[in-house]
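Spelled out, the chains give:
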Amino acid sequence: MTQQKYLYCKRNRFYFRRRIPGLSTFLSPIFLALGTTDRNLAHTWLERLKLEFDQMFDSFVLLTPALPDKIVFRYFEHYLQKCVSDLNRQINFARMKGRFSADNERSLSVLPIIYESFLEQGIRKRFPVEKIDPEWDEETLKAILHLYEIESRKALSAATGDQLRSIYASLTNDVIKDEEHLAQLRAAHFRARLQALHDFRQDSRAPLKKRNIRTTHPR
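Residues numbered from 1 in each chain as written. Predicted model: local features only at pLDDT ≥ 70, side-chain atom pairs only at ≥ 80, totals over all residues. Heavy atoms only, no water.

Visitor: What is the right way to read the confidence of the model for the chain from this model?
Guide: Do not read the predicted coordinates in detail wherever pLDDT is low. Mean pLDDT over the chain works out to 82, with 83% of the residues at or above the 70 mark. By mean pLDDT, helix H1 (residues 39-61) is the weakest element of the chain at 75, and helix H4 (residues 138-155) is the strongest at 94. Within the model, pLDDT remains below 50 along residues 208-219, and this stretch shows six contacts once partners closer than five positions in the same chain are excluded. (pLDDT = per-residue confidence, 0-100. Helix = DSSP H or I, 4+ residues; strand = E, 2+ residues; numbered from the N terminus. Contact = heavy atoms within 4.5 Å.)

Visitor: Teacher, can you tell me more about the packing of helix H2 (residues 69-96) against helix H5 (residues 158-172) here?
Guide: What describes two packed helices is the angle between their axes and the distance between those same axes. Between H2 and H5, whose axes approach to 10 Å, the crossing angle comes to 110 degrees. As far as their axial angle goes, H5 and H2 are roughly perpendicular. Facing H2, whose interface residues are Ile71, Arg74, Tyr75, His78 and Tyr79, H5 presents Gln163, Leu164, Ile167, Tyr168, Leu171 and Thr172. Among the residues making up the contact of H2 with H5, the classes are represented as seven nonpolar, three polar and one charged. (Axes fitted to C-alpha atoms, helices over the stretch in contact; angles between N-to-C directions. Parallel < 35°, antiparallel > 145°, perpendicular 65-115°, else oblique. Nonpolar A, V, L, I, M, F, W, Y, C, P; charged D, E, K, R; others polar.)

Visitor: Is there a simple way to think about the sheet that holds strand S1 (residues 7-10) in this case?
Guide: The pairing of strands in a sheet comes from backbone hydrogen bonds and takes either a parallel or an antiparallel form. The three strands lie next to each other as S1-S2-S3, forming an open sheet whose pairing is antiparallel. Since the sheet does not close on itself, it has two edges, and those belong to S1 and strand S3 (30-33), each with one partner. If you compare each strand with its neighbour and ignore which way they point, the axes differ by 30 degrees on average. (Pairing = 2+ DSSP bridges.)

Visitor: How should the pattern of salt bridges be read in this particular structure?
Guide: Side chains that differ in charge, positive against negative, can pair when their charged atoms come close. Enumeration according to the criterion identifies eight salt bridges in this entry. Put simply, Asp86 and Lys82 hold a salt bridge, and the shortest N to O gap is 2.7 Å. Of this pair, Asp86 and Lys82 both sit in helix H2, four residues apart, which is roughly one turn of that helix. The exposure class assigned to Lys82 is partly exposed, which follows from its relative accessible area of 36%. Ionic pairing is found between Glu138 and Lys142, a salt bridge with its closest N-O pair at 3.4 Å. In this pair, Glu138 and Lys142 both sit in helix H4, four residues apart, roughly one turn of the helix. A relative accessible area of 55% places Glu138 in the exposed class. A relative accessible area of 47% means that Lys142 is categorised as partly exposed. (Salt bridge = Lys/Arg side-chain N within 4 Å of Asp/Glu carboxyl O. Buried < 20%, exposed > 50% of the residue type's maximum accessible area, 1.4 Å probe, protein only.)

Visitor: When you look at helix H3 (residues 102-121) in this model, what are you seeing that I'm missing?
Guide: A turn of α-helix holds 3.6 residues, and therefore any two residues three or four places apart point the same way. Over its 20 residues, H3 extends 28 Å from the first C-alpha to the last, a length consistent with the 28 Å expected when each residue adds 1.5 Å. Largest kink in H3: about 30 degrees, centred on Val110, with the proline Pro112 one to four residues after it. Those residues of H3 lying buried are Leu108, Val110, Leu111, Pro112, Ile114, Tyr115, Ser117 and Phe118. (Expected span 1.5 Å × (residues − 1). Bend = angle between axes of the 7 residues up to and from the residue.)

Visitor: Help me understand the layout of surface pockets in this model?
Guide: In this approach, a probe sized like a water molecule rolls over the atoms, and the result shows the empty space that is left. Taken as a whole, the second largest pocket spans an internal volume of roughly 300 Å³. In terms of lining, the second largest pocket is formed by 17 residues, of which the most central are Cys83, Leu87, Gln90, Tyr115 and Arg193. In terms of residues, the lining of the second largest pocket owes the most to one element, H2, which gives six residues. Grouping the amino acids of the lining of the second largest pocket by side-chain chemistry returns 10 nonpolar, two polar and five charged. (1 Å grid on protein atoms, 1.4 Å probe; cavity = no way out; pocket = protein on both sides within 12 Å on 5 of 7 lines; lining within 4 Å. Points joined across faces, edges and corners; volume = space filled by probe spheres on them.)

Visitor: What is the right way to read the packing of H3 against H4 from this model?
Guide: For the pair H3 and H4, interaxial distance at closest approach is 9 Å and the crossing angle is 55 degrees. Here H3 is positioned oblique relative to H4, judged by the angle of their axes. Note on packing geometry: the crossing formed by H3 with H4 is right-handed. Residues Arg106, Ser107, Val110, Leu111, Ile113, Ile114, Tyr115, Ser117 and Phe118 of H3 touch H4, and the partners they reach there are Glu139, Thr140, Ala143, Ile144, Leu147, Tyr148, Glu151 and Ser152. (Left-handed = near helix turned anticlockwise from the far one by under 90°.)

Visitor: What's the story with a nonpolar patch on the surface in this structure? I'm lost.
Guide: On the surface, Val129, Ile132 and Leu145 cluster together into a nonpolar patch covering about 240 Å² of accessible area. Accessibility expressed as a relative area gives 33% for Leu145, which makes it partly exposed. (Patch = residues over 30% accessible without salt bridge, like charges linked within 9 Å, V, L, I, M, F, W, Y side chains within 5 Å. Areas by Shrake-Rupley, 256 points an atom, 1.4 Å probe, with all protein chains shown as cover.)

Below is the structure:
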């Protein structure tokens, strides 16, 4: 049987074991005896304790002030510039190498749907059923479901967290104080990516003479 997260068994007795988010991994985790050798009863207690601890941790998060709007906006502006630059370079390179396919075009069109879902419904493991549009064709739906899981894992990954902290530190010479601050930056991160995709598609649809590119040879 698959071991439940936070459930620990030793000598046929069950325990609740969980680290406190944001604290050093050098500190010992919380370790509570569930007082039972029955796995089903242990699972019942586990779910209750998980709920209680999540509510407690959420209340701790709000003990510190949120990041000021001007700091979050600075992050948004900085990351938006990076997104626009990276997106243009990557796509133009792929196009000129003959690697930009219909699947790539479809991904570009559905990523805004995914980022909007993150901002409106929160980050989930799977795309929210209530957001599915019956007008989508099968290929579009498959692309959204597939990319949503990829982007969801990436959004909550340690690598993305490190990136958020690194950019924040470079802009403010300060460090992220708690999980709420990280969540604020994560939302700004998605808004920047959403805006970059929108700007790129708008520019791609514009007549050639209106784009920010040189259309004649320099003299």
